[in-house]
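# Coordinate inspection notes
For reference, the chains in residue letters:
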Amino acid sequence: MQFHLSARQLIVRLLGWLTLSSFVGYVIGYIWPTITLAALSLLIWHYFHLNKLVTWLWNSKSLSPPIAEGHWGRIYDGLYHLIRKHRNKQKSLNERIRLFRDGAEALPDAALVLSNDLTILWGNKKAQKLIGIRWPGDVGQRIDNLIRFPEFSQYLETGNFESPCNVPSPINGELQLELRLMAYGSDQILFLARDISKVHRLEEMRRDFVANVSHELKTPLTVVRGYVEMIQSVENDFDPHWLKAFQTIEGQVSRMDRLVEQLLILSRVEVNTELDSKQLVDMPQLIEQLLEDSTWLNIDKQHQISVDIDPSIGIIGIDTELKSACSNLLSNAIAYTPEKGQIKVIWQYVGDKAKFSVTDNGAGIKAVDVTRLTERFYRVDKSRSRDTGGSGLGLAIVKHVVSHHQAELKVNSTLGKGSEFAIYFPAEAIQKLSS
Ligand code: ADP
């Protein structure tokens, strides 16, 4: 239904009304009083409808507008048409919101919509179950007021949401949650929390199993090793075949011993509970000690090892872990560099960070392998690694130690030319040593 009323039409109608009233006034002999009366009646008519309109708009519960003739009737119809249009739009919008909510409720994860300042705008029922979000009581609360774990605060601070953050549920310590944040729209963040308790338990079982088996293997290995060494040490006239066999047994037992040792270190590092007990570690002294210990490793290969150590840089960290990480990098450089190679050990400032690096001019590593080096049991060249007694666990240990110290591991390597393995410690972890 279309209705057009232009300003020209309005003026023509008004003039028509005045002309008619002046004609009537002329006929009855009262021109001005008739015109005034006509104008007044027009004004009263408009005010009457204006009042009706205001009453309907503000006080009436009915959606249908009052009935009127003429322009006002058209105006009411227009308004009614507009309201119906808005209602329909709202209906379809509500339907879409309902579909979105049903979808979000069907998710197996807790889902929250957060604003840019991390306040909660909306959450599904699962969020109530897993995180204890009360609806609508917690709307407007900041998410970090409800999930109060240092790991989560740190995760929010870094602002890097590419990988998830794992924390226990704030309402049930037995549940382990994997939290993810994703920015969407112009200023909204989607927060998802997944229950990974089962995976977490399996991971714990795996760690316990590895730790227990490694521990149990230690005693038999020590016994076998002891007997083989004893047999080798006594005066004997064994057949050379037997001597070779004993040598092989000793070599393999040593390899297993090292593997078991590395497995135990990895299990310890993976579930480190000492993270809160960091102390000042005299890194220059620790590195000197490692260099001294590695002398016997270097006997066969006779590498030239140079050092550049700043004696004033200490680190707030875990002594045993740092020792293990640095020692792994050094023993790798010795193992994977051909005889009489050049190895450089550096402990220096780089900007405001402290860098521990081991550079060698050995075999080097292909770029495709570099990204996988820190995976458990990953070895670039299995046969060579086996010859060197490698287990593929050394760099996995380094990775955990690095993450426990909020440090960063960087590997620069060129195949055939050599490698640099560097750990960068953040400024906050550095403490000057008094000389
Ligand atoms: P492994 O006990 O086998 O040495 P790591 O985890 O320490 O285990 O190292 C993983 C793999 O990375 C090694 O098997 C080796 O192939 C490669 N690698 C490590 N350090 C070096 C290095 N300095 N030069 C060349 N390759 C290296």
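This text follows the structure it describes.
Report follows, based on the coordinates.

About the criteria used
Residues numbered from 1 in each chain as written. Predicted model: local features only at pLDDT ≥ 70, side-chain atom pairs only at ≥ 80, totals over all residues. Heavy atoms only, no water. Helix = DSSP H or I, 4+ residues; strand = E, 2+ residues; numbered from the N terminus. Buried < 20%, exposed > 50% of the residue type's maximum accessible area, 1.4 Å probe, protein only. Phe/Tyr/Trp six-rings, centres within 6.5 Å; stacked < 30°, edge-to-face > 60°. Pairing = 2+ DSSP bridges. Axes fitted to C-alpha atoms, helices over the stretch in contact; angles between N-to-C directions. Contact = heavy atoms within 4.5 Å. Polar contact = N/O pair within 3.5 Å; in protein donor to acceptor, adjacent residues only side chain to side chain.

All right, on to the environment of Val-24 then. Counting through the fold element by element, Val-24 comes out in helix H1 (residues 7-28). Relative accessible area serves as the criterion here: at 38%, Val-24 is assigned to the partly exposed category. Put simply, Val-24 and Ser-62 are 38 residues apart on the chain and 41 Å apart in space, counted from C-alpha to C-alpha.

So, about the packing of aromatic side chains. One pass over the full model with this rule turns up eight aromatic pairs. Geometrically, the ring pair formed by Trp-56 and Tyr-76 is edge-to-face, given 6.5 Å between the ring centres and 70° between the ring planes. With a gap of 20 residues between them, Trp-56 in helix H2 (residues 31-58) and Tyr-76 in helix H3 (residues 70-106) connect regions that are remote in the sequence. Residue classification places Trp-56 among the buried residues on the basis of a relative accessible area of 8%. Here Tyr-76 falls in the buried class, since its relative accessible area comes to 0%. Three or more aromatic residues joined by ring pairs form one cluster here, namely Phe-152, Tyr-155, Phe-161 and Phe-191.

Let us look at the sheet that holds strand S12 (residues 418-425). Judged by pairing direction, the sheet is mixed, and its five strands sit side by side in the order S7-S9-S10-S12-S11 without closing on themselves. Both edges of this open sheet fall to strand S7 (304-309) and strand S11 (408-414), since each of them pairs with a single strand only. Going across the sheet, the axis of each strand differs from the next one's by a mean of 10°, ignoring polarity. With six bridges joining them, S7 and strand S9 (residues 342-350) adopt parallel strand pairing. By the bridge assignment, Asp-308 is partnered in S9 with Ile-346. The sheet contacts of helix H10 (residues 319-335) involve S7, S9, strand S10 (353-360) and S12, and relative to S10 the element is tilted by about 25°.

Attention now moves to the sheet that holds strand S8 (residues 313-317). Spatially, S6-S8-S13 is the arrangement adopted by the three strands of the open sheet, whose pairing is antiparallel. Of all strands in the sheet, those with a lone pairing partner are strand S6 (279-281) and strand S13 (430-432), marking the two edges. The mean inter-strand angle of the sheet, taken between neighbouring strand axes irrespective of direction, is 40°. With three bridges joining them, S6 and S8 adopt antiparallel strand pairing.

Inspection of the secondary structure assignment puts His-303 in the loop between helix H9 (283-293) and S7. When its relative accessible area of 7% is taken as the criterion, His-303 is described as buried. Among the polar contacts listed, one links the side chain of His-303 to the backbone oxygen of Thr-337, at a separation of 3.3 Å. Apart from residues lying up to four places away in sequence, His-303 is in contact with Asn-298, Ala-333, Ile-334, Thr-337, Pro-338, Glu-339, Lys-340, Gly-341 and Ile-343.

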